[in-house]
Amino acid sequence: MTDSNLPSVQLADAITAQIGQLRRHLALAPPHEQAQILATVLDYDTGLLGEVTELVSTGSRFAKVHSERGVLPPEVWLALGRAANELDSVGANLNEHTGSIKKVTAPAIASSRPTAAPVASAMVLRRRR
């Protein structure tokens with residue numbers, strides 16, 4: 001059972017609440033603000049996703065030590081390690097697209113020519129098995 005009086009647990013609870021606020025704000029914000037939020041969150045070097053990945057990686061090292069001591073089952077360590085690797089991979093893939101997301105924040109340039117109709121793009125959906 002967690003001790004909710006520990007400052008570190010209170011910090012984790014506060015961060016969780018703030019991420020929920022950010023998620024709700026993202027859903028309601030205008031497109032240019034949504035793009036700024038996403039670009040900030042997805043920046044793998046300085047953003048939230050990179051920090052969460054490092055947090056899970058640190059958790060994996062914790063689980064490794066306690067798994068080797070027999071306190072935790074090895075599956076806990078393996079699951080956290082797998083999660084850290086997956087987050088790292090996803091973060092690297094998403095980081096490639098932050099430039100495109102940031103372009104939404106750029107002001108539209110007025111032109112005397114009519115704007116072209118948007119071009120449809122292929123969308124890939126992944127299903128969890």
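Predicted model, so just to flag it, every value in this text is computed and none were measured.

A.B. asks: Account for the overall build of the protein chain, naming residues and giving values.
C.D. replies: Looking only at helices and strands, the protein chain features 5 helices and 0 strands. When the helices and strands of the protein chain are read in sequence order from the N terminus, they spell out α-α-α-α-α. Of all 129 residues assigned to the protein chain, the portion counted as buried reaches 19%. Contacts spanning at least 24 positions in sequence make up 52% of the contacts within the protein chain whose residues lie at least 6 apart. With an accessible surface of roughly 10700 Å², the protein chain has 59% of that area assigned to carbon and sulfur atoms.

A.B. asks: Tell me about the pattern of salt bridges, and please be specific about residues and values.
C.D. replies: Per the counting criterion, the structure on display carries 1 salt bridge. Among the salt bridges present, the one from K64 reaches E68, with a minimum N-O distance of 3.0 Å. Pair noted here: K64 and E68 are both in helix α3 (residues 48–68), with a separation of 4 residues, about one helical turn. Residue classification places E68 among the exposed residues on the basis of a relative accessible area of 55%.

A.B. asks: Which residues make up the packing of α3 against helix α4 (residues 74–95), and what are the values?
C.D. replies: Running from amino to carboxyl end, α3 crosses α4 at an angle of 160°, the nearest separation of the two axes being 8 Å. Overall, the two elements α3 and α4 adopt an arrangement that is roughly antiparallel. Here the hand of the crossing between α3 and α4 comes out left-handed. Across the interface between the two elements, L49, V52, T53, V56, S57, G59, S60, A63, K64 and S67 of α3 pack against P74, V76, W77, L80, G81, A83, A84, L87, D88, G91 and L94 of α4. The class makeup of the residues in the contact of α3 with α4 is 12 nonpolar, 7 polar and 2 charged.

A.B. asks: Give me the side chain of S60: which residues, what numbers.
C.D. replies: When you line up the elements, S60 lands in helix α3. Setting aside residues up to four positions removed in sequence, S60 forms contacts with W77, L80 and G81.

A.B. asks: Give a detailed account of helix α2 (residues 31–42), specifying residues and quantitative values.
C.D. replies: Between the first and last C-alpha of α2 there are 16 Å, a value that for 12 residues agrees with the 16 Å anticipated at 1.5 Å per step. Buried within α2 are the following residues: A35, I37, A39, V41 and L42. Buried residues along α2 sit in contact with α1 (7–28), α3, α4 and α5 (98–103).

A.B. asks: Lay out a nonpolar patch on the surface with the relevant residues and their values.
C.D. replies: A cluster of nonpolar side chains, namely L11, I15, I19, L22, L48 and V52, defines an oily patch on the protein surface of about 430 Å² accessible area. Looking at the nonpolar patch, the elements that each hand over two or more residues are α1 and α3. Take the nonpolar patch: its biggest share by element is 4 residues, from α1. With respect to the helices and strands, V52 occurs in helix α3. Exposure remark for V52: the relative accessible area of 31% places this residue in the partly exposed category.

A.B. asks: So what about the nonpolar core? Which residues, and what values?
C.D. replies: Listed in full, the 8 residues of the largest apolar core are A35, I37, A39, V41, L42, Y44, L49 and I101. In terms of residue count, α2 provides more of this core than any other element does, 5 residues in total. Look past the residues within four positions of I37 in its chain and what remains in contact with it is L22, H25 and L26.

Thresholds applied
- Residues numbered from 1 in each chain as written.
- Predicted model: local features only at pLDDT ≥ 70, side-chain atom pairs only at ≥ 80, totals over all residues.
- Heavy atoms only, no water.
- Helix = DSSP H or I, 4+ residues; strand = E, 2+ residues; numbered from the N terminus.
- Buried < 20%, exposed > 50% of the residue type's maximum accessible area, 1.4 Å probe, protein only.
- Contact = heavy atoms within 4.5 Å.
- Areas by Shrake-Rupley, 256 points an atom, 1.4 Å probe, with all protein chains shown as cover.
- Salt bridge = Lys/Arg side-chain N within 4 Å of Asp/Glu carboxyl O.
- Axes fitted to C-alpha atoms, helices over the stretch in contact; angles between N-to-C directions.
- Parallel < 35°, antiparallel > 145°, perpendicular 65-115°, else oblique.
- Left-handed = near helix turned anticlockwise from the far one by under 90°.
- Nonpolar A, V, L, I, M, F, W, Y, C, P; charged D, E, K, R; others polar.
- Expected span 1.5 Å × (residues − 1).
- Patch = residues over 30% accessible without salt bridge, like charges linked within 9 Å, V, L, I, M, F, W, Y side chains within 5 Å.
- Core = buried A, V, L, I, M, F, W, Y, C linked by side-chain atoms within 4.5 Å.

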